[in-house]
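Chain residues, written in single-letter form:
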Amino acid sequence: MARSILFLSLALLISSLSIQYVLSDSPSSTCLEAALKLDPCLLYIMKGGDGPSPTDACCTGVDILSKLAKSRVDRIVLCYCFKKMFWTLDNEDIHSRVAGLPNKCGISYTMPPTDKTYNCNKISMYSDDEGVVLI
């Protein structure tokens, strides 16, 4: 059921994407790629401590996502994508599992926030200086 909700959210995301950034790569294709990379993580995201650890395929996807976030704009786009992917899952455990995926996989990366109230425009290039305006 939750997986269906996530994929419904993804379909809505792709069909109604309205990110205000102009990129060389389409934001919708970036969102689709991000969703596909997280697909192997869904069982872990939904079940967490009650289910298995993230799979190798999940960790590979997280590693690829970390490489997609090359610039501040890339990180902002991923933040908006993640917010839209997980907006229906108003469960703090799910949000913390998504945030904790890189650590569980041994990858040095900070996942974009999935909390629907987070302002993605606050994201900087580096996770430890969020909110700092880069000129």
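For the structure itself, consult the block above.
Thresholds applied
Residues numbered from 1 in each chain as written. Predicted model: local features only at pLDDT ≥ 70, side-chain atom pairs only at ≥ 80, totals over all residues. Heavy atoms only, no water. Disulfide = S-S within 2.5 Å. Helix = DSSP H or I, 4+ residues; strand = E, 2+ residues; numbered from the N terminus. Buried < 20%, exposed > 50% of the residue type's maximum accessible area, 1.4 Å probe, protein only. Phe/Tyr/Trp six-rings, centres within 6.5 Å; stacked < 30°, edge-to-face > 60°. Expected span 1.5 Å × (residues − 1). Core = buried A, V, L, I, M, F, W, Y, C linked by side-chain atoms within 4.5 Å. Contact = heavy atoms within 4.5 Å.

Participant: Please provide a residue-by-residue account of the state of the cysteines, values included.
Facilitator: Working definition: the covalent bond between the sulfur atoms of two cysteines is a disulfide. What the rule picks out here adds up to 4 disulfides. A disulfide bridge connects Cys31 with Cys81, and the sulfur atoms are separated by 1.7 Å. Judged by the torsion about the S-S bond (-55°), the Cys31/Cys81 disulfide is left-handed. Highlighted residues: Cys31 in helix H2 (residues 27-38) and Cys81 in helix H5 (residues 72-86), separated in sequence by 50 residues. Judged by its relative accessible area of 0%, Cys81 is buried. Disulfide pairing places Cys79 opposite Cys120 at an S-S distance of 2.0 Å. Note on the Cys79 and Cys120 pair: the S-S dihedral is about -70°, so by sign convention the disulfide is left-handed. Of this pair, Cys79 sits in helix H5 while Cys120 is found in the segment after helix H6 (92-105), placing the two residues 41 residues apart along the sequence.

Participant: Give me the lowdown on the packing of aromatic side chains, citing residues and values where you can.
Facilitator: Aromatic ring pairs are described here by two measures, namely the spacing of the ring centres and the angle between the planes. A complete count under the given rule lists 1 aromatic pair for this structure. Between Phe82 and Phe86 the ring centres are 6.3 Å apart and the planes differ by 70°, which places this aromatic pair in the edge-to-face class. Taken together, the positions of Phe82 and Phe86, both in helix H5 and 4 residues apart, correspond to about one turn of that helix. The buried category is assigned to Phe86, whose relative accessible area is 1%.

Participant: Quick rundown of H5? Include the residues and the values.
Facilitator: Every α-helix carries 3.6 residues per turn, so stepping three or four residues along brings you back to the same face. Helix length check: H5 (15 residues) gives 21 Å between terminal C-alpha atoms against 21 Å at 1.5 Å per residue, within 8%. All of the buried residues in H5 are Arg75, Ile76, Val77, Leu78, Cys79, Cys81, Phe82, Lys83, Met85 and Phe86.

Participant: An account of the nonpolar core is requested, with residue identities and associated values reported.
Facilitator: Leu38, Val62, Phe82, Phe86, Leu101 and Met111 are the most contacted members of the largest nonpolar core, which totals 26 residues. Of all the secondary-structure elements, those providing two or more residues to this core are H2, helix H3 (42-47), helix H4 (56-68), H5 and H6. The contacts of Val62, once residues within four sequence positions are left out, are Leu38, Cys41, Leu101, Pro102, Ile107 and Met111. Cys79, Tyr118, Cys120 and Ile123 belong to the second-largest nonpolar core, a separate cluster that totals 5 residues.

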